[in-house]
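Below, each chain spelled out in residue letters.
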Amino acid sequence: MRPNLEKMATINEPCSICGQTIGVDTNGWTGGHNAQPINDGRCCESCNWNVVLPERFSIHNEKINKETDDEYERLSKKNV
Ligand SMILES: [Zn+2]
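Everything numeric here is computed off the predicted structure, so don't read it as measured data.

1. A look at the overall build of the protein
Counting its secondary structure elements, the protein contains 1 helix and 2 strands. Listing every helix and strand of the protein by position from the N terminus yields β-β-α. Taking all 80 residues of the protein together, 14% fall into the buried category. For the protein, the proportion of contacts with a sequence separation of at least 24, taken over those separated by at least 6, is 24%.

Below, the structure written as structure tokens:
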């Protein structure tokens with residue numbers, strides 16, 4: 001049995017990152033993805049994985065590194 005894609009509502013907006021139609025994800029989701037922090041629009045599955053998620057992880061890691069650096073600095077000052 002194959003899924004009836006014709007009956008699913010699809011998002012016909014272009015992806016706000018690559019400009020291609022957002023369409024249907026491999027898991028059947030048709031609503032596109034939040035393109036934050038790249039922009040305020042919607043993006044396709046491919047850009048979600050290749051652009052948006054790596055950007056989110058790198059922002060997250062920078063924040064963690066910054067917090068770790070601050071904590072390290074604070075602890076090292078304490079020992080002086
Ligand atoms: Zn895209």
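Here the narrative resumes, following the displayed structure.
2. Let's talk about the confidence of the model for the protein
If pLDDT is low for a region, its predicted coordinates should not be looked at in detail. Taken over all residues, the pLDDT of the protein has a mean of 85, while the share at 70 or more is 84%. Looking over the protein, one finds the lowest element-wise mean pLDDT in helix α1 (residues 45-78), namely 90, and the highest in strand β1 (residues 33-34), namely 95. Per-residue pLDDT stays below 50 along residues 4-8; that stretch engages in 3 contacts with residues further than four places along the chain or on separate chains.

3. Points about α1
For α1, which comprises 34 residues, the first-to-last C-alpha distance of 48 Å matches the rise-based estimate of 50 Å (1.5 Å per residue) to within 8%. Along α1, the sharpest change in direction is near 30° and occurs at Val52; proline Pro54 comes one to four residues later. Summarising burial for α1: 3 of the 34 residues are buried, a small minority.

4. What to know about the environment of Ile59
As for its placement among the helices and strands, Ile59 is situated in helix α1. Between the C-alpha atoms of Ile59 and Pro37, which are 22 residues apart in sequence, the distance is 9.1 Å.

Conventions adopted
- Residues numbered from 1 in each chain as written.
- Predicted model: local features only at pLDDT ≥ 70, side-chain atom pairs only at ≥ 80, totals over all residues.
- Helix = DSSP H or I, 4+ residues; strand = E, 2+ residues; numbered from the N terminus.
- Buried ≥ 20, exposed ≤ 12 C-beta atoms within 10 Å, placed from the backbone.
- Contact = placed C-beta atoms within 7 Å.
- pLDDT = per-residue confidence, 0-100.
- Expected span 1.5 Å × (residues − 1).
- Bend = angle between axes of the 7 residues up to and from the residue.

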